[in-house]
Amino acid sequence: MYAVEKKAAKEAAEKAAIRTAVEEGRHYGASKEGTAERIREKFNISQNEADDMIKIY
């Protein structure tokens, strides 16, 4: 059970970090494309996942 909780905590932390990156991008006037590129590179996710995260946050 501990492994499941650890995985969930890791996923939550990653989502929080992505949300912060999206919010900072908006705050500093970065384009959606620039923000998507940054989170794709930093978190090793696909273009579609990056676009979805930007829409959510």
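Worth saying up front: this structure is predicted, and the values here are computed from it rather than measured.

The next thing to look at is the packing of helix H2 (residues 32–43) against helix H3 (residues 47–56). Contact geometry of H2 with H3 gives a least axis separation of 9 Å together with a crossing angle of 120°. Judged by the inter-axis angle, H2 sits oblique to H3. By crossing handedness, the relation of H2 to H3 is classed as right-handed. Of the residues in H3, those in contact with Lys-32, Thr-35, Ala-36, Ile-39 and Arg-40 of H2 are Gln-47, Ala-50, Asp-51, Met-53 and Ile-54. For the contact of H2 with H3, the residue count by class is five nonpolar, two polar and three charged.

Our next topic: the packing of helix H1 (residues 2–27) against H2. Running from amino to carboxyl end, H1 crosses H2 at an angle of 150°, the nearest separation of the two axes being 10 Å. With respect to each other, H1 and H2 are oriented roughly antiparallel. In this structure, H1 meets H2 at a crossing whose hand is right-handed. Of H2, the residues touching H1 (which contributes Glu-14, Ala-17, Ile-18, Ala-21, Val-22, Glu-24 and Gly-25) are Thr-35, Arg-38, Ile-39 and Phe-43. Broken down by class, the residue content of the contact of H1 with H2 amounts to six nonpolar, two polar and three charged.

What follows concerns the confidence of the model for the protein. Summary statistics for the protein give a mean pLDDT of 93 and a share of 98% for residues scoring 70 or more. At the low end of the mean pLDDT range in the protein sits H1, at 93; at the high end sits H2, at 95.

What follows is about the side chain of Thr-35. Along the chain, Thr-35 falls in helix H2. The contact partners of Thr-35, leaving out residues within four places of it in the chain, are Ala-21, Val-22, Gly-25, Ala-30 and Ile-54.

About the criteria used
Residues numbered from 1 in each chain as written. Predicted model: local features only at pLDDT ≥ 70, side-chain atom pairs only at ≥ 80, totals over all residues. Heavy atoms only, no water. Axes fitted to C-alpha atoms, helices over the stretch in contact; angles between N-to-C directions. Helix = DSSP H or I, 4+ residues; strand = E, 2+ residues; numbered from the N terminus. Parallel < 35°, antiparallel > 145°, perpendicular 65-115°, else oblique. Left-handed = near helix turned anticlockwise from the far one by under 90°. Contact = heavy atoms within 4.5 Å. Nonpolar A, V, L, I, M, F, W, Y, C, P; charged D, E, K, R; others polar. pLDDT = per-residue confidence, 0-100.

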